[in-house]
Amino acid sequence: MNNLSIAPTTANLLIDNFCIGEYQNITLSYQGGTIGTDAIAKWYDNASLTTPIGTGNDVVIPAPSTTTTYYVRFEGECNTTEAIEVEVTVKTISEPPTNVTASHLSYCQGEVSLITLIYEGGTLGTGAIAYWYNENNVFLGQNNNLKINAPTTTATYYVMFEGNCNTTSKIPLTITVNNESIAPTTANVDINNFCYTEGSNITLSYSGGTLQINDTAKWYSNAELTDFIGKGNNIIIPAPETTTTYYVRFEGICNITQAVSIPVTVNTSSQPPTSVTASHSGYCQGHIDKITLNYTGGTFGTNATANWYDDETLINSLGTEEILEINAPTETTTYYLQFKGECNTITETVKIEVGAPSEIEICNDTTIYKTSFANLWVTQDNNFQYEWTPFETLNNANIFNPTATPLQTTTYTVIVKNHFGCETTENVTVQVLDFEIIINTGFTPNEDGHNDTWIIKDIEHFPDNHVQIYNRQGVLVFETDAYKNQWKGTYLNTDKELPVGVYYFLLDLNDGITPTQKGSVTIIR
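Below you will find a few notes about this structure. (Residues numbered from 1 in each chain as written. Predicted model: local features only at pLDDT ≥ 70, side-chain atom pairs only at ≥ 80, totals over all residues. Heavy atoms only, no water.)

**A few points about the sheet that holds strand S7 (residues 68–75)**
Here comes step 1: Taken in spatial order, the 5 strands make up an open sheet running S2-S8-S7-S4-S5, and their pairing is mixed. Pairing within the sheet leaves two strands with one partner each, and these edge strands are strand S2 (17–19) and strand S5 (52–55). Strand after strand, the sheet turns through a mean of 25 degrees between neighbouring axes, direction not considered.
Here comes step 2: Looking at chain direction, S7 and strand S8 (residues 84–91) are connected through 5 bridges and run antiparallel. Looking across to S8, one finds that Tyr-71 is bridged to Glu-85. (Pairing = 2+ DSSP bridges. Helix = DSSP H or I, 4+ residues; strand = E, 2+ residues; numbered from the N terminus. Axes fitted to C-alpha atoms, helices over the stretch in contact; angles between N-to-C directions.)

Shown next, in the form of structure tokens:
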């Protein structure tokens, strides 16, 4: 006869409350009840009792990683009892927060009264609470979103999870409390009051005041503080070309201080005058009593003055005026104008030439006939001016070589003026002889006692004359020295009469004055 099983009265655990990983195994046991014919005790870890995890009493199994309920019942031929249960509580481990922040991570001192401490991520283990501490390990409070008084100086806070199984590491949170910067007391420059040199630099610095962390010292080159030129202390910048005031102030999160300034004085260079002149650039010695020296334009550099000198060594100062009147020099003189200042010296010159009358040559006195002319001349120079008198019988009274055609003996005076205005006077006489050579253009050699020979009036006054006569073919038909109006139209020195027609003559008076005369003569019979 088979017996029925009677369910166990209790299920038991030697250890039923532990932290995960604390034990490797646990032992399950039961008490009471009766195991029937062929019955066994079976253990399950689920309420549906589908998969057994062991049989018998004092069953050793791996410790669970989470809280688990175990079930035991007697199963046999005649019956299966009700299951009884026992729970194993597995306590969890805390994981630290992944991020810590605050409602205000950075602010200016006095700007915030309360801040909220916040952690993010992580897990609270069994029985764990989030605890907050300051950097001195003083407990501030617990849980998330903890409100505390805002620190007045930069402070670091820590949060950690404290529970049954573990305490996490401290996770830090720094609250930055920014303070106002205090303006610098002075601005400085390493070089001041200088002459500008291209490519040079200056160093700007400040002293005094308090520059807070994360604040910046900024420099500007204008009073409106809009032309930013650099930041920091001991900054190197190109030297200014003109006098400039530089400004520095501290600019930061909490405030912008008042600016302090340093004027940098740049001495200027003089610029040369646009013109340096004299009232007279040249004159004849003794003709001028006073001259005026004058300059225009240009600019004076720093502390520059103007001085006139009459010596190359620039020792003998004549004056400083822009328009300076002085005694006219008696010899060619160069005057010097000097602009002298802090940065440079400029020297300009003006030359005044003082001259004397020029030495000239003039042609010799000459003799001409009333119907002739004389070529007059004096020394030629493009810088000379000429004035001949009397001018009525001259072709041009203002050139160096006029042609004179006087009808009577005349003395000509020439005034030669050089470029200094100095005058030289010379005289030349042209003697006019009262003869008049008149050459007949035809004659009638017919022995009638009238116009039988070729007549040249006044030829007797020229005993050295020479006559040549040619026909149309250029054949010489008559030639003689000391012609005395004797030719009767014959061939050479014969009595052979030449045919009627036009013949051509050359007449050289050989008087040293009159050029050879040419013309025609007609034989008429």
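**Considerations on the side chain of Thr-410**
Here comes step 1: With respect to the secondary-structure elements, Thr-410 resides in strand S38 (residues 410–417).
Here comes step 2: A distance of 2.9 Å separates the side chain of Thr-410 from the backbone oxygen of Gln-408, its partner in a polar contact.
Here comes step 3: In contact with Thr-410, not counting residues within four places along its chain, are Pro-390, Val-428, Thr-429 and Val-430. (Polar contact = N/O pair within 3.5 Å; in protein donor to acceptor, adjacent residues only side chain to side chain. Contact = heavy atoms within 4.5 Å.)

**A closer look at the packing of aromatic side chains**
Here comes step 1: Going through the model one piece at a time under the given rule, you end up with 18 aromatic pairs.
Here comes step 2: Between Trp-454 and Trp-487, the ring centres sit 6.3 Å apart and the planes meet at 80 degrees, which makes this aromatic pair edge-to-face. Of this pair, Trp-454 sits in the loop between strand S41 (442–443) and strand S42 (456–457) while Trp-487 sits in the loop between strand S44 (476–481) and strand S45 (501–508), and the two are 33 residues apart along the sequence. An identical accessibility class is assigned to Trp-454 and Trp-487; each is buried. (Phe/Tyr/Trp six-rings, centres within 6.5 Å; stacked < 30°, edge-to-face > 60°. Buried < 20%, exposed > 50% of the residue type's maximum accessible area, 1.4 Å probe, protein only.)

**Some remarks on the state of the cysteines**
Here comes step 1: Taken as a whole and judged by the stated rule, the model has 4 disulfides.
Here comes step 2: Put simply, Cys-19 and Cys-165 are joined by a disulfide, and their sulfur atoms are 2.1 Å apart. Judged by the sign of its S-S torsion, about -100 degrees, the bond between Cys-19 and Cys-165 is left-handed. Of this pair, Cys-19 sits in strand S2 while Cys-165 sits in the loop between strand S15 (155–162) and strand S16 (171–178); the two residues are 146 residues apart in sequence, bridging distant segments of the chain.
Here comes step 3: A disulfide bridge connects Cys-195 with Cys-343, and the sulfur atoms are separated by 2.1 Å. Of note, the bridge from Cys-195 to Cys-343 carries an S-S torsion of about -95 degrees and is left-handed in sense. Here the residue Cys-195 occupies a position in strand S18 (residues 194–195), and Cys-343 occupies one in the loop between strand S32 (333–340) and strand S33 (345–355), the gap between them amounting to 148 residues.
Here comes step 4: Judged by relative accessible area, Cys-343 falls into the partly exposed class, the value being 21%.
Here comes step 5: Take the cysteines of the protein chain that form disulfides and number them in order along the sequence; they join up as 1-3, 2-5, 4-7, 6-8. (Disulfide = S-S within 2.5 Å.)

**Considering the nonpolar core**
Here comes step 1: Judged by nonpolar contacts, the single largest core of 21 residues is most densely connected at Trp-454, Ile-456, Ile-469, Trp-487 and Leu-507.
Here comes step 2: Taken together, the elements giving at least two residues each to this core come down to strand S43 (466–470), S44, S45 and strand S46 (517–523).
Here comes step 3: Per-element accounting of this core gives the leading share, 3 residues, to S45.
Here comes step 4: Ile-469 has contacts with Trp-454, Val-475, Leu-476, Val-477, Phe-478, Trp-487, Tyr-503, Tyr-504 and Phe-505, leaving out every residue within four places of it along the chain.
Here comes step 5: Ranked by size, the runner-up nonpolar core spans 20 residues in total, among them Ala-130, Trp-132, Ala-150 and Tyr-157. (Core = buried A, V, L, I, M, F, W, Y, C linked by side-chain atoms within 4.5 Å.)

**Focus on the sheet that holds strand S39 (residues 423–433)**
Here comes step 1: One open sheet holds the 4 strands; their spatial order is S34-S39-S38-S36, and the pairing between them is mixed. For this open sheet the edge positions go to strand S34 (366–369) and strand S36 (385–389), each flanked by a neighbour on one side alone. Ignoring strand direction, the axes of neighbouring strands in this sheet form an average angle of 25 degrees.

**Concerning the pattern of salt bridges**
Here comes step 1: Considering all chains together, one arrives at 8 salt bridges under this definition.
Here comes step 2: Its salt-bridge partner being Glu-251, residue Lys-218 comes within 3.6 Å of it at the nearest N-O pair. Of this pair, Lys-218 sits in strand S20 (residues 216–220) while Glu-251 sits in strand S23 (residues 244–251), and the two are 33 residues apart along the sequence.
Here comes step 3: Using a relative accessible area of 26% as the deciding quantity, one classes Lys-218 as partly exposed.
Here comes step 4: Overlapping salt bridges bring together Lys-42, Arg-73 and Glu-75 as one network. (Salt bridge = Lys/Arg side-chain N within 4 Å of Asp/Glu carboxyl O.)

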